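If you want the building blocks of each chain, they are given just below.
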2 protein chains.
Amino acid sequence: MGESGREEYKIQSFDAETQQLLKTALKDPGAVDLEKVANVIVDHSLQDRVFSKEAGRMCYAIIQAESKQAGQSVFRRGLLNRLQQEYQAREQLRARSLRGWVCYVTFICNIFDYLRVNNMPMMALVNPVYDCLFRLAQPDSLSKEEEVGDPGLDGPGGESRCLLSMEVDCLVLQLHRVGEQLEKMNQQRMDELFVLIRDGFLLPSGLSSLAQLLLLEIIEFRAAGWKTTPAAHKYYYSEVPD
Amino acid sequence: MGESGREEYKIQSFDAETQQLLKTALKDPGAVDLEKVANVIVDHSLQDRVFSKEAGRMCYAIIQAESKQAGQSVFRRGLLNRLQQEYQAREQLRARSLRGWVCYVTFICNIFDYLRVNNMPMMALVNPVYDCLFRLAQPDSLSKEEEVGDPGLDGPGGESRCLLSMEVDCLVLQLHRVGEQLEKMNQQRMDELFVLIRDGFLLPSGLSSLAQLLLLEIIEFRAAGWKTTPAAHKYYYSEVPD
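Because the structure is predicted, anything quoted here is derived from the model rather than measured.

Rules behind the numbers
Residues numbered from 1 in each chain as written. Chains lettered and ligands numbered in written order. Predicted model: local features only at pLDDT ≥ 70, side-chain atom pairs only at ≥ 80, totals over all residues. Heavy atoms only, no water. Core = buried A, V, L, I, M, F, W, Y, C linked by side-chain atoms within 4.5 Å. Buried < 20%, exposed > 50% of the residue type's maximum accessible area, 1.4 Å probe, protein only. Contact = heavy atoms within 4.5 Å. Least-squares fit on C-alpha atoms with pLDDT ≥ 70 in both. Helix = DSSP H or I, 4+ residues; strand = E, 2+ residues; numbered from the N terminus. Buried area = accessible area lost by both parts, 1.4 Å probe. Salt bridge = Lys/Arg side-chain N within 4 Å of Asp/Glu carboxyl O. Polar contact = N/O pair within 3.5 Å; in protein donor to acceptor, adjacent residues only side chain to side chain. Axes fitted to C-alpha atoms, helices over the stretch in contact; angles between N-to-C directions. Nonpolar A, V, L, I, M, F, W, Y, C, P; charged D, E, K, R; others polar. pLDDT = per-residue confidence, 0-100.

Participant: Could you give an account of the nonpolar core, naming the residues involved and the relevant values?
Facilitator: Note on soluble globular proteins: their nonpolar side chains tend to be buried together. Within the largest apolar cluster, 150 residues are counted, with the highest numbers of intra-cluster contacts made by Ile41(A) and Ile41(B). Other than its neighbours up to four places away in sequence, Ile41(A) contacts Leu22(A), Phe51(A), Ala55(A), Met58(A), Cys59(A), Ile62(A), Phe75(A) and Phe107(A).

Participant: Got a sec to walk through the relation of the copies chain A and chain B? Specific residues and values, please.
Facilitator: Of the transformation superimposing chain A on chain B, the axial component is 0.0 Å and the angular component is 180 degrees, with the fit at an RMSD of 0.0 Å. The transformation just described matches what one would write down for a two-fold rotation axis. Looking at the rotation axis and the C-alpha trace of chain A, the residue lying nearest is Ala224(A), at 2.3 Å. Looking at the interface residues of chain A, 95% of them are also at the interface in chain B, so both copies use one shared face.

Participant: Please provide a residue-by-residue account of unusual backbone geometry, values included.
Facilitator: Residue and element names in this part refer to chain B. A positive phi angle, near 50 degrees, is found at Asn-118, a position not held by glycine. Secondary-structure assignment places Asn-118 in the loop between strand E1 (116-117) and strand E2 (120-121). Classification of Asn-118 as exposed rests on a relative accessible area of 73%. In this model, Trp-226 sits at a positive phi of 60 degrees, which is unusual for a non-glycine residue. Counting through the fold element by element, Trp-226 comes out in the loop between helix H13 (209-223) and helix H14 (230-237).

Participant: Describe the interface of chain A and chain B, naming the residues involved and giving the relevant values.
Facilitator: At the junction of the two partners, chain A supplies 19 residues and chain B supplies 18 residues. Counting each side, the surface lost to burial between chain A and chain B is near 1800 Å², with a carbon and sulfur contribution of 65%. Contact with chain B buries area across many residues of chain A, yet Arg198(A), Leu202(A) and Tyr235(A) alone supply 35% of it, more than any other trio. In this structure, the connection of chain A to chain B is made through two salt bridges. Put simply, chain A and chain B have six residue pairs in polar contact (both at pLDDT 80 or more) between them. Of all the secondary structure elements, the ones that give two or more residues to the side of chain A that touches chain B are helix H12 (187-200), helix H13 (209-223) and helix H14 (230-237) of chain A. In terms of residue count, the dominant contributor to the side of chain A that touches chain B is H13(A) (eight residues).

Participant: Which residues make up the packing of helix H4 (residues 55-70) of chain A against helix H5 (residues 74-88) of chain A, and what values do they have?
Facilitator: Residue and element names in this part refer to chain A. With their axes 8 Å apart at the nearest point, H4 and H5 run at an angle of 145 degrees to one another. Together, Cys-59, Ile-62, Ile-63 and Glu-66 of H4 and Val-74, Phe-75, Arg-76 and Leu-79 of H5 make up the contact between the two elements. Looking at side-chain class alone, the contact of H4 with H5 contains six nonpolar, no polar and two charged residues.

Participant: Go over the confidence of the model for chain A, please, and point to the residues and values.
Facilitator: Residue and element names in this part refer to chain A. Mean pLDDT over chain A: 88, with 86% of residues reaching 70 or higher. Across residues 1-6 the pLDDT falls below 50, and counting only partners more than four positions away or on other chains, this stretch makes five contacts in the model. With pLDDT under 50 throughout, residues 147-163 is counted as low confidence; its partners more than four residues away or in other chains account for 18 contacts. With pTM at 0.84, the complex prediction returns an ipTM value of 0.79.

Participant: Give a description of the environment of Val117(B) that names residues and reports values.
Facilitator: All names here are of chain B. Along the chain, the position of Val-117 falls in strand E1. When the C-alpha atoms of Val-117 and Asp-48 are compared, they prove to be 27 Å apart, with 69 residues separating the residues in sequence. Apart from the residues lying within four places of it in its own chain, the contact partners of Val-117 are Arg-76 and Met-122.

Participant: An account of the environment of Cys170(B) is needed here, citing residue identities and associated values.
Facilitator: Along the chain, Cys170(B) turns up in helix H11 (residues 166-185). With residues up to four places along the chain from it excluded, the contact list for Cys170(B) reads Val102(B), Val105(B), Thr106(B) and Leu136(B).

Participant: Please provide a residue-by-residue account of the environment of Lys10(A), values included.
Facilitator: All names here are of chain A. Within the secondary structure, Lys-10 is located in the segment before helix H1 (16-27). Judged by relative accessible area, Lys-10 falls into the exposed class, the value being 52%. With 196 residues separating them along the chain, Lys-10 and Gly-206 place their C-alpha atoms 39 Å apart.

Rendered as structure tokens:
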């Protein structure tokens, strides 16, 4: 059951024309402008949290297809160039749109997770990914509370909006996903990142209870060798009565 | 270099007569009232934090000496009876003297650590020791701050007195010492104890920064398999400039 046999990539959130562009890029990459495809994917990732979590797999498939068909890497170069541009402007992005910034970090981590060179993660992405995670672990990110909600569910004034530390949430999700690989590539930076995370508990501004739990869990997770112990799983992931 | 060849037990804090009693108990246990010796040791442990940390080794030596000389266990029975009495009255002890209570927990953990039956910890002590540690992990203990200081160093009004969460301090010291053994004897209770410890971070009354660090460290320590990783060691135990 090869990947080309069924549509595995969630591209429903693109308009019809772009969906067609992406499908062609996967099947016959030489027939489309691959630099444009790279830009379309990055643009969409910065706006769509769900897509940003899984774009890496599709990007990897396009890279493979292009390499097989033409022995070239136009798409990969275009993708990495855009990632680099956004990386350099990341503080502006963060100031403009916290949601866009979180999407960007999710996306670059996902790309780091999927793109392989000789079955190894790309060295060129290690430090940019670390830099993003370090940014998420700064005091202002750890203690920031954003009001988020889904107006479609609760209406704009819905009472069940919850306070959520978006950046903390993103930080721990990415560490769950790529922490172990990142540590293998550069252990010292992971040590430094966890210094920031532990320091978070001592912030004068304080952390929300949710942020404390998220950080506590990732600290245990790493200490246990990037694994969740059964007791930790029960504590952090079980429904609690009342 | 046998133990009897040199004075290994720190009994200088006893008066001369009692020092003689203890020395005799170690060399010729049949010549003294071993029940009295047990009471003397427990009484002293409840008042002397340093002694309470190392009394177990001497108790074990007296038990061995009595067993070898007379095949009896008068001392051990006396010791365990007294521990049991103090255990039953532990809430009163705690209310009367926090320092005495912390000495008691230190002592019973030390006894648990040293007393062996067929090279195994004593089953009879597992639940009492857990109960004491659970008491130390209750919200009122975790968030309690006691002013302590050494008047001999700073004078009664010395400015360098520090706020220290005595019970948290005791909790993590004991877990460092006997946590791994305790978990082997009863993992479920250790899981429950760590639920209380994690919950500590969510207390409305808040924890002191020191208490947070101590608890964070023990959480990492257990998650890493009752070991301190090099990065954790650097974070928690290194001198910080400034």
